[in-house]
Amino acid sequence: MRNNIIAIIAISFLTVGALWGVGNLLNPQEESGTKVESILLIAQRSSFNGTNPDIHVGVNVPAKLVVCNEDTVTHDLRVDEAKNGGITPINTAPLRGGQDFLTAIVAEKPGTYEYYCSYHLGMRGKIIAQ
Ligand SMILES: [Cu+2]
């Protein structure tokens, strides 16, 4: 009888342990350290991603930015230096159709900054750093 109870307790521990292990496999915990956001902007039909979306980044949390030109005309992506600093300027240089450019958005101060294509007035959106 006593052995049975011990066996049941042992099996319970094994079951809970196994379920916990499976749970961690299904929902891996975030690795500690820097989490890098990735942002993809596709230039197509004179907009970025169709809507020139707002890009939200954390202050001092570099975000990987990939700019792809999937259009037939040349585009670029620029972020100018802000008056009081706060963001690292970006200039992809002209991207022809099919070219892409890998860079990073690095905001040192909270604020709203602008990204734009220097060829097309309508291609502009906001980078919001918080
Ligand atoms: Cu453009």
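Residues numbered from 1 in each chain as written. Predicted model: local features only at pLDDT ≥ 70, side-chain atom pairs only at ≥ 80, totals over all residues. Heavy atoms only, no water.

J.: It is not clear to me how the packing of aromatic side chains should be interpreted in this structure. Could you clarify?
T.: For any pair of aromatic rings, the description rests on two quantities: the centre-to-centre distance and the angle between the ring planes. Enumeration according to the criterion identifies one aromatic pair in this entry. Seen from their ring centres, F48 and Y115 are 5.6 Å apart, and the 65 degrees between their planes marks the pair as edge-to-face. Of this pair, F48 sits in strand β2 (residues 47-48) while Y115 sits in strand β8 (residues 111-117), and the two are 67 residues apart along the sequence. Of the residues examined, F48 reaches a relative accessible area of 0% and is grouped as buried. (Phe/Tyr/Trp six-rings, centres within 6.5 Å; stacked < 30°, edge-to-face > 60°. Helix = DSSP H or I, 4+ residues; strand = E, 2+ residues; numbered from the N terminus. Buried < 20%, exposed > 50% of the residue type's maximum accessible area, 1.4 Å probe, protein only.)

J.: Hey, could you run me through the pattern of salt bridges in this one?
T.: Side-chain pairs of opposite charge can arise where the charged atoms are in close proximity. Scanning the entire structure with this criterion turns up two salt bridges. As a salt-bridge pair, R78 and D76 come within 3.0 Å of each other at their nearest N and O atoms. Since its relative accessible area comes to 28%, R78 is described here as partly exposed. In this structure D76 comes out as buried when scored by relative accessible area, which is 1%. Taking the shortest distance from any N to any O, the salt bridge between E114 and R124 comes out at 2.9 Å. Linking E114 in strand β8 with R124 in strand β9 (residues 120-129), this pair joins segments that are ten residues apart in sequence. Given a relative accessible area of 32%, R124 falls into the partly exposed group. (Salt bridge = Lys/Arg side-chain N within 4 Å of Asp/Glu carboxyl O.)

J.: Sorry, what's going on with the pairing of β9 here?
T.: With three bridges joining them, strand β3 (residues 55-57) and β9 adopt parallel strand pairing. Residue pairing for β9: V57 is matched across the bridge by A129. Sheet topology note: the β8/β9 ladder contains seven bridges and is antiparallel. Each bridged residue has a counterpart across the sheet, and for Y115 the counterpart in β9 is G125. (Pairing = 2+ DSSP bridges.)

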